Amino acid sequence: MQKLLDFDMVIEAHDDGYRTHVVASPAGEAHADFTLPFSDEGLENLVLKVVGSIGRARRQVRRIETQERQLLEDFGGQLFEAVFCGPVGECLERSRMTAENKEAGLRIRLRLPGALANVPWEYLYDAQHGFLGLDPETALVRHLELPAPVRPFPISPPLRILAMISAPSDTVGLEVEQEWDRLNDTLGDLTRRGLVTVDRLESGNLAALQRPLRLTEYHVLHFIGHGGYDENAQDGALALEGADGKTRLVTGRDLGMMIRNRRHSLRLVVLNACEGARSAQDDPFGGVAQALVHQGIPAVIAMQFEISDTAAITFSQSFYQAIADGLPVDVATVEARRAMFAEGNEIEWATPVLYLRSTDGRVFIRGRGSAAERQAKEAAERQAQEEAERQARLEAERQARLDAERQAQLEAERQAQLDAERQAQLEAERQAQEQAARQAQEQAARQARIKAGPRAKIETDHRARVPVLAASPIVLAIPLLILALNLRTAAIFISRPSAWLILWSAVLGCVVAAVECSRRRILGWIVPMEFIFAWFLLYAIYQLNPWHLHRLGHYLPVQGTLAAIGAIFSASLWISTLARSTRGRRDVHPLLPALLGCTALGFGVAAIAYAGEHYSNLTALHDNAGKVFAIASVLFFVTLLVDLLSPFLELARRLQSSHASRPPTTPTTR
């Protein structure tokens, strides 16, 4: 908000109350009469409550109570409704609309009588827009009418601030060094950026101002110290240091006299002292700030109450930042108040009061500055240009060095790639030669086998035979013998000792067959062997009758079912083995098809015998069940013989193969 439209108001006494005149505004003129909504005693009580709240904030109270915040809103609302009543309020609304259409804000300039100078007008509260002192579209300033016009003073950065810190020995001690450190810390960022410079007076007496103001063009005087208002003398004063170091009260008129001859460059005075904005009721220029304005200072900021350190630091930092950015003084004051409010100072934000004589709020404008400043600026620019050229030259050299290193790296990578391709080509040629040699060797071996004839093929076949099981077929003889003897007598059930013997031999056979298979990897032989042992294991469990399994025989012929399942699986394995044998597979033992065939037929005949025993309606089969069992026993005996002969046959084949492969011996002659 840098563009503002003026809304000038004059408040004067009229009859028993006051009259508000809008003498200039975007919506024309207006006037209305009003009376204050509070008495002098009520205003004094309000000020005491505000000061008390600020005192608690100084004692690090984090938040002002809601009751006091509500008190200020009520006070500001009543004051706003009284002053901006009737035509004056309507004129304000029309002016706001006009300013909004022009993308601007309003500068409300108050010209007040002495009786209303000490009213905290900054707390004016509009229910729609809030506090006018915090409205970003409104700048509320106090205007003192003087005949001499104020023109902006051209300056070029940095903004020069002269700090005056006064700490008389007979007053309440101020932490002077801490105050100075806070001010430097507050403006440190602006100082590093070259926007602000801060100088400090050697002492806090009035005479110390003379020489610095004569030698240097300062733009801002920032005072830190004690101040007050004398009710009897009806005048405000600052507590400066005398020659003896004790307090010397200096009025605003005296201070203005010392800085008067430098007023063309000194454009702003900031009084960080208590009650620097308070004035007499019958003299509009009776306060320190008012007297400085009367002496010709274009803008004065003073405190109408005491202010805490935290609030003062926040105000200074935000205010000088806005001034350095080129904002008008009134807009910068609004920004500083808003920064204080944002930091949690819900009451102290209205403590700073701006007295402004400039019509547009600009007491500084950016100018070309003095010849020395221009020369210094040109020298700085020239030095910056030389530095930039030097940096550019160094950057170009660095870039050239990087390009050379990159080119060398690319060349090395390309050479490495060529070497890798050459090595790969040589490796491919070597592998091709080895492949050709291997193929030639295989072709020669194939031709040699063809020339060797059938005998070499037989020897090769003998060597390619896989070994058969040796121990597990011998274990299988025990259950086969017991079962065959039992079937020969046409008895369905066997004795309990025979059943236990079949059970443990079946378990032993499974373990022995598994061990031989893992050691010799005989997959083709182990499958039927493990199935036979598993069938005998289930058969023995049924015969031992745990949990009364024989009761199920009345409803389900378990032995016949097991025999039928054994016949089906043995037949499937038999067919698979015959198919492998007819295809010329070398891993099939010659006796394996005979073993599986006898096993399948034995299980099948046993299943038929069990069916004849259980189903009496099959008369022929039921009467000849014993003969059928005899046939099954013969088949199982054949299975036993085949099983026992298989290891000996394999041993004979190995002996024959080793004898045939032994080279012939020739008799030696003497």
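Note that the structure is a prediction, hence the values are computed from the model and not measured.

Enquirer: How should helix 10 (residues 329-342) be read in this particular structure?
Expert: Given 3.6 residues per helical turn, the α-helix brings residues three or four places apart onto the same face. Compared with an ideal rise of 1.5 Å per residue, which puts 14 residues at 20 Å, helix 10 spans 20 Å between its outermost C-alpha atoms and is within 8% of the ideal. With ten of 14 residues buried, helix 10 is to be regarded as a mostly interior element. For helix 10, the complete set of buried residues consists of V329, D330, V331, A332, T333, V334, A336, R337, A339 and M340. Two residues or fewer past helix 10, G344 is found with a positive phi of approximately 100°.

Enquirer: Just checking my understanding: could you explain the pattern of salt bridges for this structure?
Expert: Inspection of the entire model under this criterion finds 15 salt bridges. For the salt bridge of R109 with D8, the shortest nitrogen-to-oxygen distance reads 2.7 Å. You can see R109 sitting in strand 4 (residues 105-111) and its partner D8 sitting in strand 1 (residues 4-14), a full 101 residues away along the chain. What makes R109 buried here is its relative accessible area of 9%. Judged by its relative accessible area of 10%, D8 is buried. R406 serves as the salt-bridge partner of D403, at 2.8 Å between the closest nitrogen and oxygen. Here D403 pairs with R406, and both are found in helix 11 (residues 371-452), just three residues apart, close to one helical turn. Judged by its relative accessible area of 36%, D403 falls in the partly exposed class. Classification of R406 as partly exposed rests on a relative accessible area of 42%. In this structure, a network of salt bridges that share partners links the residues D6, R107 and D330.

Enquirer: In this structure, what is going on with the environment of L201? I would like to understand it.
Expert: Among the structural elements, L201 can be located in the loop between strand 10 (196-200) and helix 6 (210-215). According to the relative accessible area criterion, L201 is buried, its value standing at 6%. Once the C-alpha coordinates of L201 and I165 are considered, the two residues, 36 residues apart in sequence, prove to be 7.4 Å apart. Once residues lying within four places of it in the same chain are set aside, the contact partners of L201 are L162, A163, M164, A208, L209 and P212.

Enquirer: Can you walk me through the side chain of S505 in this structure?
Expert: Secondary-structure assignment places S505 in helix 14 (residues 496-520). Only 2.9 Å separates the side chain of S505 from the backbone oxygen of L501, close enough to count as a polar contact. A distance of 2.9 Å separates a polar atom in the side chain of S505 from the backbone oxygen of I502. Not counting residues within four places of it along the chain, the set of residues in contact with S505 comprises V475, I478, P479 and F533.

Enquirer: Help me understand the pairing of strand 7 (residues 138-142), please; the structure alone is not making it clear to me.
Expert: Put simply, side chains in a regular strand alternate between the two faces of the sheet. Burial of strand 7 is extensive: five of the five residues sit out of reach of the surface. Neither face of strand 7 is exposed, since T138, L140 and R142 on one face and A139 and V141 on the opposite face are all buried. Inspection of the sheet shows strand 4 paired to strand 7 by five bridges, in the parallel sense. Of the residues in strand 7, the one forming a bridge with R109 is V141.

Enquirer: Please clarify how the packing of aromatic side chains should be interpreted in this entry.
Expert: Here the distance between the centres and the angle between the planes together describe a pair of aromatic rings. All chains considered together, the criterion is met by nine aromatic pairs. Ring centres 5.6 Å apart and planes at 10° place the aromatic pair F315 and F319 in the stacked group. Residue F315 and its partner F319 are located together in helix 9 (residues 309-324), separated by four residues, close to a single helical turn. A residue is classified by how much of its surface remains accessible, and F315, at 2% relative accessible area, is buried. Looking at F319, the relative accessible area reads 1%, which means it is buried. Between W500 and W504 the ring centres are 6.4 Å apart and the planes differ by 20°, which places this aromatic pair in the stacked class. With a gap of four residues between them, W500 and W504 both fall in helix 14, about one helical turn apart. Three or more aromatic residues link up through ring pairs in this structure, and these residues are Y123, Y125, F131 and W349.

Enquirer: Explanation requested: the pairing of strand 9 (residues 159-165) in the structure shown.
Expert: Counting buried positions along strand 9 gives seven out of seven residues, so the element sits mostly inside the fold. The alternating pattern of strand 9 places L159, I161, A163 and I165 on one face and R160, L162 and M164 on the opposite face, and all of these are buried. Where strand 9 and strand 10 come together, five bridges link them in parallel fashion. For L162, the partnering residue across the bridge sits in strand 10 and is D199. In this sheet, strand 11 (residues 220-224) lies alongside strand 9 in parallel orientation, the contact comprising five bridges. Bridge pairing links A163 to H222 in strand 11.

Definitions and limits used
- Residues numbered from 1 in each chain as written.
- Predicted model: local features only at pLDDT ≥ 70, side-chain atom pairs only at ≥ 80, totals over all residues.
- Heavy atoms only, no water.
- Helix = DSSP H or I, 4+ residues; strand = E, 2+ residues; numbered from the N terminus.
- Expected span 1.5 Å × (residues − 1).
- Buried < 20%, exposed > 50% of the residue type's maximum accessible area, 1.4 Å probe, protein only.
- Salt bridge = Lys/Arg side-chain N within 4 Å of Asp/Glu carboxyl O.
- Contact = heavy atoms within 4.5 Å.
- Polar contact = N/O pair within 3.5 Å; in protein donor to acceptor, adjacent residues only side chain to side chain.
- Pairing = 2+ DSSP bridges.
- Phe/Tyr/Trp six-rings, centres within 6.5 Å; stacked < 30°, edge-to-face > 60°.

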